[in-house]
Structure formats: structure tokens, C-alpha cells
Amino acid sequence: MNRARLLVFNSALPVLDYRVPEGMAIEYGSVVVAPLGPRQVLGVVWEAERLPGTDVPDAKLRPLHEVMPVPPLPAPLRRLIEWTADYYCAPMAAVARMALGSSAALRGGGTMTEYRLTGLEPKRLTPQRAAAMDALDGEQATIRELAERASVSEGVLRGMVGAGLLEPVVVDLDRPYPRARADFAQPELSDDQTAAADRFVAAVAKGGFAPFLLDGVTGSGKTECYFEAVAEALRLGQQVLVLLPEIALTENFLRRFEARFGVPPVLWHSSLKSTERRRAWRAIVRGEAQVVVGARSALFMPYARLGLIVVDEAHEVSFKQDDGVRYNARDVAVMRAKFEKVPVILASATPALESMQLAEAGVYEKIDLPARFGGATMPDIQIVDLRTEQPERGHWLAPRLVKELKARLERGEQSLLFLNRRGYAPLTLCRNCGHRFQCPNCTAWLVEHRLSRRLACHHCGYETPPPEACPECHTADCLVACGPGVERIADEVREILPEARIALVTSDTLNSPAKINAFVEAAENGMIDVIVGTQLVTKGYHFPELTLVGVVDADLGLEGGDLRAGERTYQQIAQVAGRAGRGEKPGEVLIQTRHPEAAVIEALASGDRDSFYAAEAEARRDAMAPPFGRWAAIIISSEDEAEAREAARTIGGSRPDLPDVLVLGPAAAPLSLLRGRYRYRLLINARRSAELQDVIRAWLDPLRFSHGVRVAVDIDPYSFV
Ligand code: ADP
Ligand code: ZN
């Protein structure tokens, strides 16, 4: 090659051509540094015929600077980057950046310096140093990361190094990970499990694209089954990627993985320390990281020898990214498996309707685990009609639920109360004038967090202490909390069962791996009587003594105009119900609702999953919603309200007029102000015959907007706010 076309890792720059200097060896996928004006840019050498650009004559080309000492991005990954950019109408550079993960890691191994406390106990400490000593107990990271963690300046920490309170530790970035062993602790599988595992193992051994939908009830041992496929890939020297919907679930997964394979897997997620990030990325590209577990972002890593992909809890909405490149990691995982020619397993107890349809159509091979492992039975589900069985005034738990909670406490069994709302109360108002506390940056009420004494916005992170007096009428002590959050439910439990040991489980309370582990250990060892939690406790956990699950408000998810509200409510409640009765004692689930006649509530009560899916599918077919038709959203935002409205009007005014594409809007978004930006939306509903992405590109590409306007395209949207 004497010319190279580059995909530059910067969406603002065009495709650029360079001369390859004598003696420089590059291939497609090589990561290179090139000059651009006085600057240097980083890019990937790409097949010129796949990346249109302006052809510059040879004589005018500037030479590349250098090739990074890392393996080239493999062809299947390059094809995935192209596909993702095309499908989600995103810049290729933005997608390619996700493959890079850590640009620092490109520079090669070597060492980095981290710091940790020496254990020296000085007699006198400044308040800042004392705070740092507290916060950094057991931590080891770079000065910058420690400063962030302890909320002090880097200067304070450098002073502490000088005083001998912190010491440097040299970390080898390329130190190998311990090897996982395929046969470390092989479980004895049930007949159903064996049948499932055999299918997976055969697919891994054979190689080639093979998509599976592993549809197993909660507690059926889906993890054990796909672990056998992981073991087979390990035996073949291949790499495995396991995607989990959120980091909170990884702790539990790590423990089970280590029990099965002898060592923990390699972790990849956005809050890794920089040294861990570089080490993991380098092990991944060299094929040394055997099993990588991560959230969405692990999907685009340049694996050298990928042999299997698993997407656990594949129905989870959090696989959909809602900013930047708005991709769905579940769907891209299947595409990656296709390009890499490897099997992919989507595991869930409540598969998405889209996945069910693909299985029915024969695109996915469906593997069923219809029963719980070890003879545990599915829980008994009952409905509490809140219209007839009313909680006491100012309370939220109906008498029947209270009675069952008491019975569990007497028998020494555990209960779980689920309410998907963080904080104490979702709305605060003034008793005197009715003033409601609203976020200054968003169209949203401020949520009272009593534990941390804050009114907080759950959209932008704005926080303020609750004022002594109403800002409107200046009456003192007049604020009233409206409605419950989990903190308030925990208070109610404390009132009903003063002697119960209560654990409050939300992202506010369990915000570190150490706290998650402490909670799991306490729950497993019978140190907790009642767990009160948000969606954080609905999945993954296995507490054998847990025999009662109470769903505080099943109607919460049904509000709002969400296309998937029914399905999502079904999944969430089925998952949380799945925590009950996983051991020897049978489980019971009480669902509080004001709409016992709603289709999803009836389906949950009767356990008739198939008819729920059938009814849901019918409704979607009528609405031409996915998977029968297609949706896309265009979201326009600006800090200037008039500018946003104007841009939305421009887009609406040039809408395409096509028989198979219906455009709704523009209209002010339900969240019409978010993080200080005014928002408008259009929704596009298309038949499957329409070339939706091409239509959108042809529509938007010629339009020009003022500088402050952002126009985002969301293909297959999950959020409608
Ligand atoms: P699911 O993910 O399908 O809800 P899990 O994989 O969490 O189910 O399994 C439920 C529980 O049963 C876990 O504690 C798991 O370790 C245990 N289990 C499942 N299959 C087996 C097996 N074959 N041998 C031993 N324990 C098993
Ligand atoms: Zn806000």
C-alpha cells in the first residue's frame, strides 16, 4: 500500500488520504497517527472503496507519521462499525471510537504509578487530609482518580505523598490475567439443562453464526447452561464476551463465574480505573483476555479470537443507549456474531417481543427451560385491588400485604418490597400556597431524598437542600411530601415491624461493589428480614429464604405514552416475582394495583405468559409498531426555545411524502426541558418495506440549522420522553 484512506476518530473531520512512507508497513485496520495542519490526528486505515471521500492526487498527499504498536482492527469489526453507523444513522467515527476504549493503551505496555495509603497514622491532620484518609481506605489508583474519589484537590494528595501518608505502587500494565479453567467445577446439570447446554456446546465447537434465544423461567439455571458454552470456547482457546445490562449485576456474576472457572473474568465498564482499562484493552486485543464481562461498551472491543457472545437478561431496556450513538447492544451483539461467524445466546426469563417473533420466524433457535432447578416451584401470584383493599391513610401497604409481612417475620423468612422509585417522595409541595418544587433545568418535579436531605432531579442531577420556608409564600415548615418512594416505604415497614431488620436497596444506597457485596452477604446469611428496593433488586439475586414479594405499585410503569409500557411492566414484575420461593419453601407474590383488569396484570395473575405475548403482539400489529412496523424518532434541542422550535418546524416542513412512512409531530417533547435544553420530537412510523434510514438521511442531510441546535436520530427508540 502506498496510499492510505483514514477513518479519523473525530466526527467533525472528513475522511482523509495520506501517503504511506517508504518502509512503513500498514494494513487495513491499522491504527495510525497522521498530520493535519499543525496537529496530529489518530485514525484507522480503511478500505477506500467502502469509505467515500475526495480523491487527492498522489503528489499532494502528506505522509503518515507512525503506526501504533497494536494489532489492526479486524475486518469483522470494521464491518460491524460500518453496519452500526449505517443502521443507527450515526457518524462512523463515533462508532469506531467505541472500539478504541482507551487511546492511552495504544502506546503499548510499560508501567503506571498508582498510590495507596501507607497506614501511617499522623498525630494531627488538616480536615482535608483527614477526609482523604477516610475516603481512600483500601483504594489504590492514580492521584487524579484518588482526588476524584476523595473529593479533594490533587495538591492535597501530593502533599500527603510528601508527608509519607501515601505511597507509590508501580503497576505493570501487561501483567497477565490468571487463566480460567474450563473444568474447574463442573456442575451436575438437570436433563433440561443438559439438553440446552449440549446445543450451545455443539454450536461453539462447530463455529459459525448461530443465534439462540434461551427462554428459561426465573431460577431455571440459565447461567449454568451458558457457562457450558463458555467452557467449550475456553477449551478451544477462544474469547467470550458476556454482556450484562448493568454494572450492579456484575458482582453477583463474578462470584458465580469464579466458582465455576476458578478465577474472575476480565471486567470492562465505563467506571474502570485508567490502569485497569489499559490492561484490559491490551489483553483483549492480544486475545489474552479469555472471558470479558461488561456493559454495552464491551461490545465494540477489538477481540482477537472471539468464539461466543452471551447477552444475559437480554430483554433489559438498559441495553439501549440513549445518547451519543443510540444503539441497542442486544441487536448489535447479534450483528457482531454474524460478522464474526460465532454463536450468540440471548438469555432471559421474559424475552422481548421482538426476540420472541424472531424465534417464531425461525431466525433464532429457541431453547426452553420451563422449570426451576432443583424442584423449586414457581411462586403463587395474587392481586391486591387497592380500590377495595385500601391502605391506612398516609400509608401504601394494604392490610393483606402487612399481614403477610408480619407472618414472614414471625417465621424467620425474608420479604421483598418492590417500588421502582428512588428517594422518599416524588413530589414536594407547600401546604399553604400549593407551590410545587420543580427542577430549574428540566420539566420534572424534584424528588425528596430524606436520607441525604436533598431535593434532587433524577434527570440532570440538580440538587438543593429542602428550604426552611416556601420560596413562593415564605411560610415556614410548610412542605408536604406527596406519594411514596422506597425510603418512605422503608419508614412504613419500620412503623409496622419495629423489630425487623430492613435493607434499603437503591442506587443511592448500594453505590459501590463493596456495598453490594455486603448486602448480598447479609441477605444470604439471614441478617435481613425485609428488603425494600427499586429495580436494582429485581434480577440476578438468589436468596433461598425469600418467600414473599410485594409489588407496591404495579401501575407505575403503565402511565405515560410508552409503546412498550405493558411489556416492560410485565417483565419487571415477572422478574421481581421470580425472586420469591427459589429455595425449598414456596414463594408468594402480592401485586398491588388499581387496574386488576389490565391485560398485563391479568397475565401475571394467571401465569399465562403466552396469551399475554399474543395479545401484546396483536396490539403492536394494529399499531404497526415493532416488530411489525418500524419506529424512529428525531429529537431537536437547543438552549434557546425559539431556536429549537424553529428547527423543529423546518424539519417538519420538509417531511417526506411517502406511502409507507408516517410522520407525527413535531411536538414539544414530554420532557420539554432537559438539562437546560428545550426539546421537540418527531416520531416516524414506517412499514417494514420502507428504507427508513435512507429516507431519514435524504430528509435531514440537506437541512442546515443554527449553531446551538442539536438534531438526534433515534432508530428503534425505547424512550419516548
Ligand atoms: P436463572 O438465571 O435462570 O434465574 P440461575 O442461573 O440464577 O437461574 O440459577 C438459580 C439457582 O440455581 C442458582 O443459585 C444456581 O447456582 C442454581 N443452579 C442452577 N442449576 C444448577 C445446577 N445444575 N447445579 C447446581 N446449582 C444449580
Ligand atoms: Zn433536572
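Here the structure is shown first, and the text comes after it.
Predicted model only: the values in this text are computed from it and were never measured. (Residues numbered from 1 in each chain as written. Chains lettered and ligands numbered in written order. Predicted model: local features only at pLDDT ≥ 70, side-chain atom pairs only at ≥ 80, totals over all residues. Heavy atoms only, no water.)

## Digging into the site of ligand 1
The condition that has to hold: Any residue with a non-hydrogen atom lying within 4 Å of a molecule or strand is treated as near it. Values of accessible area rely on a 1.4 Å probe in the Shrake-Rupley scheme; residue burial ignores everything except the protein chains shown. Numbering of helices and strands starts at the N terminus; helices are DSSP runs of H or I of at least 4 residues and strands are runs of E of at least 2. Only Asp, Glu, Lys and Arg are considered charged in this grouping, and only Ala, Val, Leu, Ile, Met, Phe, Trp, Tyr, Cys and Pro are considered nonpolar; every other residue, Gly among them, is considered polar.
Taken together, 15 residues are adjacent to ligand 1, and E188, Q193, G219, K222 and R256 come closest. In isolation ligand 1 offers 550 Å² of accessible surface; the protein chains occlude 80% of this area. Among the elements that make up the shell around ligand 1, the one with the highest residue count is helix α7 (residues 222-235) (3 residues). Along the lines of polarity and charge, the residues of the shell around ligand 1 split into 3 nonpolar, 7 polar and 5 charged.

## Concerning the packing of aromatic side chains
Worth spelling out the cut-off: Any Phe, Tyr or Trp ring, taking Trp's six-membered ring, that has another such ring centre within 6.5 Å forms a pair; planes under 30 degrees apart are called stacked, those over 60 apart edge-to-face, and the others tilted. Burial classes: relative accessible area under 20% of the type maximum marks a residue as buried, over 50% as exposed, and values in between as partly exposed (1.4 Å probe, protein chains only). Charge-over-ring placement is defined geometrically: NZ (Lys) or CZ (Arg) within 6 Å of the ring centre, and within 35 degrees of the ring normal.
Inspection of every chain in the model, using the stated rule, returns 17 aromatic pairs. Consider the rings of F300 and Y327, whose centres lie 5.2 Å apart with planes at 85 degrees: the pair is edge-to-face. With F300 in the loop between β11 (291-294) and β12 (306-312) and Y327 in the loop between β12 and α10 (329-340), the pair connects residues that are 27 residues apart, well separated along the chain. Each member of the pair F300 and Y327 is classed as buried. Three or more aromatic residues joined by ring pairs make a cluster, and in this case those are Y226, F227, F253, F257 and F261. Taking the ring centre of Y177 as reference, the NZ or CZ of R279 above it sits at 4.0 Å. Looking at R564, its charged tip hangs above the ring of Y718, at a distance of 3.8 Å from the centre.

## What to know about the coordination of the zinc ion (ligand 2)
Note the following rule: For Na, K and Ca the donor cutoff is 3.2 Å, while for all other metals N, O and S atoms must lie within 2.8 Å; water is not among the atoms, so some sites may look incomplete. Working rule for geometry: tetrahedral if four donors all subtend angles between 85 and 135 degrees; square planar for four, octahedral for six, if opposite donors exceed 155 degrees and the others stay between 65 and 115; irregular in every other situation.
Taken together, C439 (SG), C442 (SG), C457 (SG) and C460 (SG) make up the full set of protein donors to the zinc ion (ligand 2), lying 2.2 to 2.4 Å away. Taken together, the 4 donor atoms coordinating the zinc ion (ligand 2) span angles of 104 to 113 degrees at the metal, a pattern that classifies the geometry as tetrahedral.

## Focus on helix α17 (residues 609-622)
Applied cut-off: In this analysis, the expected span of each helix is defined as 1.5 Å times one less than the number of residues it contains. Should any heavy atoms of two residues lie within 4.5 Å, those residues are counted as being in contact.
Look at α17: 20 Å from first C-alpha to last across 14 residues, which is about the 20 Å you get at 1.5 Å a residue. Packed against the buried residues of α17 are β8 (210-216), α11 (353-360), α15 (565-577) and α16 (599-606). Positive backbone phi, approximately 55 degrees, marks M624, located one or two places after α17.

## Section: the pairing of β12
Where we set the bar: Between any two strands, pairing holds if DSSP finds at least two bridges.
When you tally the buried positions in β12, you get 7 out of 7 residues, the bulk of the element. Where strand β9 (residues 239-243) meets β12, 5 bridges bridge the pair, whose relative direction is parallel. From the neighbouring strand, V242 faces β12, where its bridge partner is V310. Direction of pairing for β12 relative to strand β13 (residues 343-348): parallel, over a ladder of 4 bridges.

## Quick word on the sheet that holds strand β26 (residues 629-638)
Cut-off, in case you're wondering: Note on definitions: angles span 0 to 180 degrees between N-to-C directions of axes, and those axes are lines fitted to C-alpha atoms, for helices only across the stretch in contact.
Strands sit in the order β27-β28-β26-β29 across an open sheet of 4 strands; the sheet is antiparallel. Looking along the sheet, the strands with just one partner apiece sit at the ends: β27 (661-674) and β29 (710-715). In this sheet, adjacent strand axes meet at a mean angle of 20 degrees when their direction is disregarded. Relative to β29, β26 runs antiparallel, the two sharing 6 bridges. In the sheet register, A632 faces β29, and the bridge partner there is I715.

## Comments concerning α11
Listed as buried for α11 are L353, E354, S355, M356 and A359. Tucked inside the fold, the buried residues of α11 contact β8, α10, β13, β14 (365-369), α15 and α17. Directly after α11, the chain includes G362, whose backbone phi takes a positive value near 85 degrees.

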